[in-house]
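Close look at the chain arrangement
The lines below spell out each chain.
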Protein chains: 2
Amino acid sequence: MTDYSVIVIGAGISGLKATSDLVKSGIESVICIESRDRVGGRLNTRQGRNGKYDIGGSWHHDTLSNGLFMEEMSLPESERAGFVFDDEDRACLVDKKLGVLEVDQLECLAYEFEKWVEMRYYDSLDVEDVSYFQLCIEFCFSRKEFLTDEQLYHLPQLLRYMELWHGVDWYALSGKWSGIEHNGRNALVLHYDKILARISNPVKDKIHLSESVNLIKKLSNGKYQVNTDKGKYLCDYCIVTVPQSVLAISCEQEENEFSHMRKARIGFEPPLNGDIFEAITTKASFGSLGKVIFEFDSIKWSKTSGRILTVHEQPTDFVESIRSAKDLKTLLKDIEQKLPRSHEDSWKNPTCFLNLAKHTDTASFVALIQQPVTEYIETLTTEEVEEFFRPVLNKLLNSLGSSDYISDLNDEVKESKTPILKNILTSNWSSDPFSLGAYSACQPGDDPMDLVIALNVGQGNLRFAGEHTIMDGAGCAYGAWESGKREANYIIEKLFTGSDY
Amino acid sequence: MTDYSVIVIGAGISGLKATSDLVKSGIESVICIESRDRVGGRLNTRQGRNGKYDIGGSWHHDTLSNGLFMEEMSLPESERAGFVFDDEDRACLVDKKLGVLEVDQLECLAYEFEKWVEMRYYDSLDVEDVSYFQLCIEFCFSRKEFLTDEQLYHLPQLLRYMELWHGVDWYALSGKWSGIEHNGRNALVLHYDKILARISNPVKDKIHLSESVNLIKKLSNGKYQVNTDKGKYLCDYCIVTVPQSVLAISCEQEENEFSHMRKARIGFEPPLNGDIFEAITTKASFGSLGKVIFEFDSIKWSKTSGRILTVHEQPTDFVESIRSAKDLKTLLKDIEQKLPRSHEDSWKNPTCFLNLAKHTDTASFVALIQQPVTEYIETLTTEEVEEFFRPVLNKLLNSLGSSDYISDLNDEVKESKTPILKNILTSNWSSDPFSLGAYSACQPGDDPMDLVIALNVGQGNLRFAGEHTIMDGAGCAYGAWESGKREANYIIEKLFTGSDY
């Protein structure tokens, strides 16, 4: 068996960064084992008809504190990936009946809501977590005296925008952890493949693609044995950068309904320690932010708005329900009945559309969807996906000054005054056994801190990196990158000071 | 000499609240001494031609945590003052040349700037405070790579909006303390006189109007002797609620150029203790948020925007200066030369206009101005004030779809298709010796915490209340109100538990 100093498991951006930093520091005895036939993990740039798209992570978040972004900016322009600041000053909301919504103070109310949530959970650490759905309805109920009918009706539509950040619908999303504070604007990357190539090319010969790890075993001499479907290796340090979802199925002891997805499962001997096991199985969840890309023949709509939110359909007596409610508990039940959890109609949930016409002059929209819509959509055929989105897509186009589109997925129509839909690309994060979703998420009662702490401590020379192992930059490409840097540094220090063994 | 349990000095909302709470708790031996011929202090509702205006404090700030607002809301509607949420989702900016500005991502950049300032001062407590002017220019300089020419040119114009919150221009405003975080929306009160009457009416017989305190002396028996221009009183506890500016002149030992304003000076024997003296003379400043009200014959402009900011004129080569600058220090000097500190032209500083047409269907604008513009304006005649504001006021009206106005302060014109200016009301906070400005402010290097702590500790039974004595709600009516409640509670507890003397 070949004996390495370090084996990195997973060639996502955290694994690539760790591998690269180790090699740069002079530690040449490193390999990075990746189950897929490509590097990047949940960063994935795909070629479409109108150009390339990042079907997974596609932003530089927190550009005031984003180390990866700063590194990019320190390079000559030709060597770095392009980007465009696509945050909008104001959300453009499109309602099924009303079209573009212009409601007075709706953005102010969203800020007020954020502050209200912050005050609720920051005053005391022990306040019970509830779903984001419950929080939204509770805010409407408790502040109804200060809301007009119009605000009361549309505020929940705007607030659900948060679902498209977390990839989880409001019933499953933790209220306590739903708030997202940004350190500066967010920039759409054009595209991540260039960044990945920059980091991975210098360590290309260290990366084993299409090789799956199935066992990590600590030997009595302190070394780790890593078994894959292609061979066995020994190492002193092992950095596990697989997604939290893969750690979760690795914690499952028995066969169950998800066993067909256990292809990516890794056995640990000894098993993952109590803190990690406990956190993964009881304090952490996973979301499926999905993407659907609609490619048209040419731009036949307005470039004014770069981000459009098609909002969920509201029951007509929503305002009346809130105004007449006597207590919150009954109201919540009432509203839940009126807002059935459905993903068979595109107006039942909010969808966020990036209008690439504005940002990159491309005749394409990127739709962001949330769990459980993602799971549903990712099982459909292209024709079924088209059918599902047609109502919101047409309303969106109408709101941008265009007529309904013509569906032409077989590429037969040559010309038309109305937009011609030529191609659809759909993500597959929820069905892919090596991701099982887009990134870590919080359901009511979860506590990401517990998992981050347990994984930072690690298990001896078994180390962990990835977006789920860090607080600043959690769920972000740069967070994953920082975590890879962190673990490489940890090992470099140990090896060079000899403080470990 | 009459001997009281408590003497409250000042019948602003803090003094009124303290007096009222003391009496409610059964302590009847209380008087409240007020130098003006009215209650309210820096809350002052004046009658104009088109209606009433709060020439001083006029908002319920932080409506999620504002105790005074919550008390109001617990009353039957007929007993409470009306209010209207007048926060705007987005600032409407009016430029001298361009009219209404619609710059992409300008609001996003303002948020980014806020976050940048927060990160700068929160990472370490020892970061040097600089002026808000310097911070704004430094942000533009350090982030210029991420800003378009248009954003770079207009961003400082938007950022100066902060001057109209603090009542201080950006050269004199502390960068460190400039950020304002709101606990929820802010509501324009219609008007504060009703709230003041509600609090003061039950204790009317305790209030001495038009009586000025000139000495507070601690006697050897522990009692305090309070000398006014009308008599002498004894008391066990004394609550001093005069503005911080009056405390500042009370700290001055010698006659100086401001001696003519020393009418409001109070002598303290023994002098104010070292902590209070030190904080007042070196760590605290005072701002002059002024108001000018323009009353027209009838509404002949758009009601769409309720808050309009006329922005300061920018030098044409501002962007070039920033792009070509080699170092910050030289750039700051360069910009300061191009942006002379001038208050003789209404385009040299930003002004915030409340469009009361939107909020109360009144043909009036309320202009908010900052130090040193306030000092200048408050010395002018009504005709001079009109002349000063004419350029921005006309541009404002044009931007709201109206033609230039006709000035008719003598009420001679009967009818016109264009707005007829009928009356102007101007605040006098900066010249009034009992306020010497609108409310406490921070200049670079100040630290409000030091003063708040020193005044909360007090000096034995000499207690302090007012907007400058509290952190949550500093500078706000509700903060002053809370501080009055705090001091009343302190004394009530002492008197009823007998723990003091």
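Owing to the predicted nature of the structure, the values given are computational and were not obtained by experimental measurement.

1. Side note on the packing of aromatic side chains
- The tally for this structure, following the rule as stated, stands at 45 aromatic pairs over all chains.
- Here A:Phe69 and A:Phe83 contribute two aromatic rings whose centre-to-centre distance is 5.1 Å and whose plane-to-plane angle is 80°, an arrangement assigned as edge-to-face. In this pair, A:Phe69 is assigned in helix α2 (residues 67-73) and A:Phe83 in strand β6 (residues 82-85), connecting sequence segments 14 residues apart.
- Its relative accessible area of 1% is what places A:Phe69 among the buried residues.
- The class of A:Phe83 is partly exposed, set by a relative accessible area of 22%.
- An angle of 70° between the planes, with centres 5.2 Å apart, marks the rings of B:Trp116 and B:Phe139 as edge-to-face.

2. Some details on the sheet that holds strand β16 (residues 290-296) of chain B
Residue and element names in this part refer to chain B.
- Here eight strands make up an open sheet; going across it, the order is β8-β7-β17-β18-β19-β16-β21-β20 and the pairing mixed. This sheet does not close on itself; its edge strands, each paired only once, are β8 (99-100) and β20 (406-407).
- Sheet topology places strand β18 (residues 351-355) next to strand β19 (residues 364-369); four bridges connect them, and they run antiparallel. Paired with Phe353 across the bridge in β19 is Ala367.

3. Let's talk about the interface of chain B and chain A
- Counting residues at the interface gives 37 residues for chain B and 37 residues for chain A.
- Approximately 2,900 Å² of surface area, both sides summed, lies buried where chain B meets chain A, with 49% of it carried by carbon and sulfur atoms.
- Together, B:Leu64, B:Asp89 and B:Arg185 form the three largest contributors to the area buried by chain B at its contact with chain A, with a combined 25%.
- Where chain B meets chain A, there are eight salt bridges.
- In this structure, B:Glu112 and A:Arg185 form a salt bridge, with 3.4 Å as the shortest nitrogen-oxygen distance.
- Our count for the contact surface shared by chain B and chain A stands at 24 residue pairs in polar contact (both at pLDDT 80 or more).
- Among the secondary structure elements, those contributing two or more residues to the side of chain B that touches chain A are α2 (67-73), β6 (82-85) and α3 (106-122) of chain B.
- A per-element tally of the side of chain B that touches chain A places α3(B) first, with 10 residues.

4. Some thoughts on the pattern of salt bridges
Residue and element names in this part refer to chain A.
- Summed over all chains, the structure comprises 74 salt bridges over all chains.
- With its nearest N and O atoms 2.6 Å apart, the salt bridge here joins Lys283 to Asp450. Of this pair, Lys283 sits in helix α9 (residues 274-283) while Asp450 is found in helix α15 (residues 448-457), placing the two residues 167 residues apart along the sequence.
- A relative accessible area of 26% means that Lys283 is categorised as partly exposed.
- Between Asp334 and Lys338 there is a salt bridge; the shortest N-O distance is 3.2 Å.

5. Observations regarding the relation of the copies chain B and chain A
- Take chain B, turn it by 180°, move it 0.0 Å along the axis, and it overlays chain A with an RMSD of 0.0 Å. This pairing of chains is accounted for by a two-fold axis. Taking the C-alpha atom as reference, chain B places B:Arg90 closest to the rotation axis, 4.2 Å from it.
- The share of interface residues of chain B whose copies in chain A are also at the interface is 100%, consistent with both copies meeting through the same surface.

6. Observations regarding a nonpolar patch on the surface
- On the surface, A:Met449, A:Ile453, A:Val457 and A:Met471 cluster together into a nonpolar patch covering about 350 Å² of accessible area.
- Residue position: A:Met471 is located in the loop between β23 (462-464) and α16 (477-497).

7. Some words on the nonpolar core
- In terms of nonpolar packing, the biggest core is built from 60 residues, with B:Phe113, B:Tyr132, B:Ile137, B:Trp170 and B:Leu368 touching the most fellow members.
- Elements with a minimum of two residues in this core: α3, α4 (132-142), α5 (149-159), α6 (163-166), α10 (318-324), α11 (328-338), β18 and β19 of chain B.
- With eight residues, the single largest contributor to this core is α4(B).
- Setting aside its immediate chain neighbours within four residues, B:Ile137 contacts B:Trp170, B:Phe318, B:Leu331, B:Leu332 and B:Ile335.
- A:Trp116, A:Leu135, A:Phe141 and A:Leu147 belong to the second-largest nonpolar core, a separate cluster that totals 59 residues.

8. Things to note about the sheet that holds β6(B)
Residues and elements named next belong to chain B.
- Sheet architecture is open: three strands sit in the order β5-β9-β6, paired in antiparallel fashion. Bordering the open sheet on either side are β5 (59-60) and β6, each of which pairs with just one other strand.
- Sheet topology note: the β5/strand β9 (residues 187-190) ladder contains two bridges and is antiparallel. Within β9, the position partnered with His60 by the bridge is Ala187.

9. Focus: the packing of α4(B) against α5(B)
All names here are of chain B.
- In contact at an axis separation of 10 Å, α4 and α5 are set at 155° when each is read in the N-to-C sense. Between α4 and α5, the angle is such that the two are roughly antiparallel. Classified by chirality, the crossing of α5 by α4 is right-handed. Here Tyr132, Cys136, Phe139 and Cys140 of α4 lie close against α5, whose contacting residues are Leu152, Leu155, Pro156 and Leu159.
- The class makeup of the residues in the contact of α4 with α5 is eight nonpolar, no polar and no charged.

10. A look at the side chain of A:Lys115
- One can find A:Lys115 in helix α3 (residues 106-122).
- Given the relative accessible area of 8%, A:Lys115 is considered buried.
- Sequence-distant contacts of A:Lys115, that is, excluding residues within four places in its chain, are made with B:Leu64, B:Glu181, B:His182, B:Asn183 and B:Gly184.

What counts as what
Residues numbered from 1 in each chain as written. Chains lettered and ligands numbered in written order. Predicted model: local features only at pLDDT ≥ 70, side-chain atom pairs only at ≥ 80, totals over all residues. Heavy atoms only, no water. Phe/Tyr/Trp six-rings, centres within 6.5 Å; stacked < 30°, edge-to-face > 60°. Helix = DSSP H or I, 4+ residues; strand = E, 2+ residues; numbered from the N terminus. Buried < 20%, exposed > 50% of the residue type's maximum accessible area, 1.4 Å probe, protein only. Pairing = 2+ DSSP bridges. Contact = heavy atoms within 4.5 Å. Buried area = accessible area lost by both parts, 1.4 Å probe. Salt bridge = Lys/Arg side-chain N within 4 Å of Asp/Glu carboxyl O. Polar contact = N/O pair within 3.5 Å; in protein donor to acceptor, adjacent residues only side chain to side chain. Least-squares fit on C-alpha atoms with pLDDT ≥ 70 in both. Patch = residues over 30% accessible without salt bridge, like charges linked within 9 Å, V, L, I, M, F, W, Y side chains within 5 Å. Areas by Shrake-Rupley, 256 points an atom, 1.4 Å probe, with all protein chains shown as cover. Core = buried A, V, L, I, M, F, W, Y, C linked by side-chain atoms within 4.5 Å. Axes fitted to C-alpha atoms, helices over the stretch in contact; angles between N-to-C directions. Parallel < 35°, antiparallel > 145°, perpendicular 65-115°, else oblique. Left-handed = near helix turned anticlockwise from the far one by under 90°. Nonpolar A, V, L, I, M, F, W, Y, C, P; charged D, E, K, R; others polar.

As far as function goes, none of this settles anything; it's purely spatial.
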